[in-house]
Every structure is written in C-alpha cells, then in structure tokens.
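Listed below, chain by chain, are the residues.
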Amino acid sequence: MPHCEAGHLKITFWGVRGSIPSPGPRTVRYGGNTTCIEVETDEGELIILDAGSGILGLAQKLLKRLPVTCAIFFTHTHWDHIQGLPFFAPLFIPKNRIDIYGTFDQVSKRSIKEVLGRQMEYCYFPVREAELKAEILYTTLYERQTIEIGRTKVTSILMNHPVLNFGYLIEGNGKTVFFTGDYEPLYNIYHPDDDSFDEYARLISDQNASLVNFIEKVDVLIVDAAYTSDEYPLKRGWGHSTCDAGISLARMARAKSLYFTHHEQLRSDDELDAILIDLRKRYPIGPDFPPYSIAQEGLVIEL
C-alpha cells in the first residue's frame, strides 16, 4: 500500500457503528461495522484505535504487506470495541509484531492482556490466545501516559464512560488527531438545592477545561455522537454523547475539523442524512463552526 506524502497523517474509518454490528440495506452507505480507526504516518507507522468488527476489513488489507508491525490502542474493553480482535488475521502469522495498549479493568483489576485473553478462551473462540503466532506485546496504560510509535506520540486521557475509557491524542508529522472513544459529557449528578451541587459544578468545570486544553487546536476531532439531543434525556448516564455536544466541544477546543462516530445501531443511512441536514441548518459551517461531517466506513482523511 502506498504511504502518505511526506509530513502527512492518513486516517481511515473501518467501523463507525456502536454497540453491535448492524449490516443490511439500511446501513450500506455509512456502514454497519463497530469501531475501528486506522492512522498511518508517512514513515509507515501504523496505529489502530479499537478493534470492533471493522478491523476485519483492515486485516485483509494488511495481509498484502507482510510482515505487519502495528500498535492497537483500546479506548476501553466493551464488547463492540474488542469483538473483532480474534479475527485480526495478522495475529496468526509469524514475524508480525502487534503491540496492544489499553487500561485495566477497575472492577476485576485485570490487566489489558487478561481482559482481552478472556474472549479467546476456548468456550468463546476456537483459537486460544496462547496459540497465536505473531509477536504480541501488551501494555496496560494509565492516564496521561505517552507512548512513542516511531516519531509519533499517542497520549491517553480519561473520558467519562461507565468503565475506564481513554481518549487518545495522536501527534505526528506536525498534525494532531483526537478520538474520544465512548464519551458522555460530564453533568451535575446533584440537585441545585443539594449542598454538593456547587462543588461538583466546579469539578466539572475544571475537568472540561482540562480536556479542552488537552485537545486545543487539534486538526481532526473524532467524537462519540450516538444520540440526538432529543433522544439524550432518556439515555442520560449511558456513557454516550450527541452531535450538538460534539460541536460545542469542537468550538471550545478550536478544533479544525470534526467527525461524528459510534452511530446508534438502529440508525439508518437516511436517518443519519437527516441528522446532518438538521445540524447544518442550526450550525452553519463558517467562522463560528468548524467543518464537520458524519463518519462512514471507508472515509479517508489525509492531513
């Protein structure tokens, strides 16, 4: 596969759906595979964000350029972000090297290696993790930890979700990309009459300011936008965001471009089109709002 031009990053969306794969005639244009994003540098460094079912298509492409060396960064280990990993063909081939990064499970205290290995126990999958032929190295990450992949840096930041979830800032060739993973904007869990309301509001303000500073002027901002603002009140606390909230974050951070992903599994192509039309009416792209779009499988962004 040809590399990017010098000084560029190349971003490819292989899966943009949330919760469960949703193939069929209603999702042909935007795609039905769950989360997987590829970032490649012009030096050939390959970074993969999550291994939902979309990683199957990426695997088939990589088989044409053996041996494969890549790094997979997991935002978190909910099923729709890891379910494609057992089908990632480069894992089965000697001389390939796959570095895997992610956080630990705060309930069981298992490392990223232990968590991922469980879905390849024999009762779930016919090939055990120990039988894979590639060289696989696991690293359990902590917040604000930076990993260097060649000359590219990947830094984690904790995002709001029911399990530990990292957003990742990728910095390479003078360009920056940030992916939220699954993310719900912070909200005050206390009633205004409660004594803790003001203190919690200050905490939220501080956390939001920290995130905005972390991603300030990012070239590409990729956000979880599973729900519409009308749907969100019934989904509050589920750990997902809206397009409106994504636009607000992009404005505060002065992001140069914005892409919505993690589409709700029952959302059809036509419904996603309608959401974008409505957004463009309410948030016209221009001096006040950065360019934004709904991510779809096969979308390639070159920076």
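Note: the structure precedes this text.
Residues numbered from 1 in each chain as written. Predicted model: local features only at pLDDT ≥ 70, side-chain atom pairs only at ≥ 80, totals over all residues. Heavy atoms only, no water.

Colleague: I'm lost on the nonpolar core in this one. Help?
Modeller: One broad trend across soluble globular proteins is that nonpolar side chains are buried collectively. In terms of nonpolar packing, the biggest core is built from 30 residues, with Phe178, Leu221 and Phe260 touching the most fellow members. Every element with two or more residues in this core is listed here: β8 (152-159), α4 (197-214), β11 (220-224), α6 (243-253), β12 (258-261), α7 (269-282) and β13 (292-294). Examining the composition of this core, we find that 5 residues originate from one element, α6, more than from any other. The residues contacting leucine 221, other than those within four sequence positions of it, are Phe178, Ile215, Leu249, Ala250, Ala255, Ser257, Leu258 and Tyr259. One finds Ile55, Ala59, Ile72 and Phe74 within the second-largest nonpolar core, a separate group that totals 27 residues. (Core = buried A, V, L, I, M, F, W, Y, C linked by side-chain atoms within 4.5 Å. Buried < 20%, exposed > 50% of the residue type's maximum accessible area, 1.4 Å probe, protein only. Helix = DSSP H or I, 4+ residues; strand = E, 2+ residues; numbered from the N terminus. Contact = heavy atoms within 4.5 Å.)

Colleague: Hey, could you run me through the sheet that holds strand β14 (residues 300-302) in this one?
Modeller: Within a sheet, adjacent strands bond to each other through the backbone by hydrogen bonds, running parallel or antiparallel. Read across the open sheet, the 7 strands follow the order β6-β5-β4-β3-β2-β1-β14; overall the sheet is mixed. Both outer strands of the open sheet, β6 (135-140) and β14, are each paired with one neighbouring strand and no more. Sheet twist, expressed as the average angle between the axes of neighbouring strands with direction ignored, equals 20°. Against the sheet, helix α1 (residues 55-62) contacts β1 (9-15), β2 (36-41), β3 (46-49) and β4 (69-73), and its axis sits at roughly 35° relative to β2. (Pairing = 2+ DSSP bridges. Axes fitted to C-alpha atoms, helices over the stretch in contact; angles between N-to-C directions.)

Colleague: Looking at this structure, how should I read empty space enclosed by the protein?
Modeller: It is a probe the size of a water molecule, rolled over the atoms, that shows where empty space is left. Counted according to the given criterion, the structure contains 2 cavities of 30 Å³ or more. Space inside the largest cavity adds up to approximately 70 Å³. Lining of the largest cavity is provided by Ala225, Ala226, Tyr227, Thr228, Cys243, Phe260, His263, Glu264, Arg267, Leu272, Ile275 and Ile294. Residue classes in the lining of the largest cavity are distributed as 8 nonpolar, 2 polar and 2 charged. Put simply, the second largest cavity is a space of about 30 Å³. Tyr183, Val223, Asp224, Ser241, Ala245, Gly246 and Leu249 are the residues that line the second largest cavity. Examining the composition of the lining of the second largest cavity, we find that 3 residues originate from one element, α6, more than from any other. By residue class, the composition of the lining of the second largest cavity is 4 nonpolar, 2 polar and 1 charged. (1 Å grid on protein atoms, 1.4 Å probe; cavity = no way out; pocket = protein on both sides within 12 Å on 5 of 7 lines; lining within 4 Å. Points joined across faces, edges and corners; volume = space filled by probe spheres on them. Nonpolar A, V, L, I, M, F, W, Y, C, P; charged D, E, K, R; others polar.)

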